[in-house]
Amino acid sequence: LGGSTPAPLRARDYVNSVRVWGPWELGPNSNGSLSKMALCWETLTGFLPVVSVEGGPWNITSCDVLNGGGPALDCSEGCKLKMIKCRVGGFGSGPHPSASCGLIA
């Protein structure tokens, strides 16, 4: 409102106190839950997602899933994923200040 552009999200802006840096692969025949954490990754190639889901069911609750430069979330055919109260997207202020896309499904 008022035509202002929000400042880019930075790593220190995360609401959750637990921050995990690196890509996650939730493979076939896997299941579980993640909650109250920031899942972060910054890639120069633009291809590696923060979270790649092939299995399930997976429940992700109250998490930030953020990538600087690549996709935030990749859901493969047949995956089972439920997300509640999560932020999915990008962050940063460098040459790739946001995710290339939020979700690949």
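A. The arrangement of the confidence of the model for the chain in detail. On average, residues of the chain score 80 in pLDDT, and 75% of them reach the 70 mark or higher. Ignoring residues within four places in sequence, the model shows residues 1-6, a span with pLDDT below 50, making zero contacts including any to other chains.

B. Layout of the sheet that holds strand β6 (residues 58-61). Spatially, the three strands line up as an open sheet ordered β3-β6-β9, and their pairing is parallel. Strand pairing shows two members of the sheet lacking a second neighbour, β3 (32-35) and β9 (81-84), which therefore form its edges. On average, each strand axis in the sheet is inclined to that of its neighbour by 10 degrees, with strand direction left out of account. As judged from the four bridges shared by β3 and β6, these two strands associate in the parallel manner. Of the residues in β6, the one forming a bridge with G32 is W58.

C. Looking closely at unusual backbone geometry. Of the consecutive residues G56 and P57, the connecting peptide bond is found in the cis state with omega at 10 degrees. You can see P57 is positioned in the loop between β5 (51-53) and β6. Its identity is not glycine, yet S62 carries a phi of approximately 50 degrees, on the positive side. Here S62 shows up in the loop between β6 and β7 (64-68). Of the residues examined, S62 reaches a relative accessible area of 24% and is grouped as partly exposed. For K85, which is not glycine, the phi torsion reads 55 degrees and is therefore positive. Residue placement: K85 occurs in the loop between β9 and β10 (87-90).

D. Just the pattern of salt bridges, in detail. This structure, assessed with the given rule, holds one salt bridge. A salt bridge links D64 to R87, with the shortest nitrogen-to-oxygen separation between them at 2.8 Å. Of this pair, D64 sits in strand β7 while R87 sits in strand β10, and the two are 23 residues apart along the sequence. Owing to a relative accessible area of 4%, D64 belongs among the buried residues under this scheme. The class of R87 is partly exposed, set by a relative accessible area of 33%.

Cut-offs used in this document
- Residues numbered from 1 in each chain as written.
- Predicted model: local features only at pLDDT ≥ 70, side-chain atom pairs only at ≥ 80, totals over all residues.
- Heavy atoms only, no water.
- pLDDT = per-residue confidence, 0-100.
- Contact = heavy atoms within 4.5 Å.
- Pairing = 2+ DSSP bridges.
- Helix = DSSP H or I, 4+ residues; strand = E, 2+ residues; numbered from the N terminus.
- Axes fitted to C-alpha atoms, helices over the stretch in contact; angles between N-to-C directions.
- Buried < 20%, exposed > 50% of the residue type's maximum accessible area, 1.4 Å probe, protein only.
- Salt bridge = Lys/Arg side-chain N within 4 Å of Asp/Glu carboxyl O.

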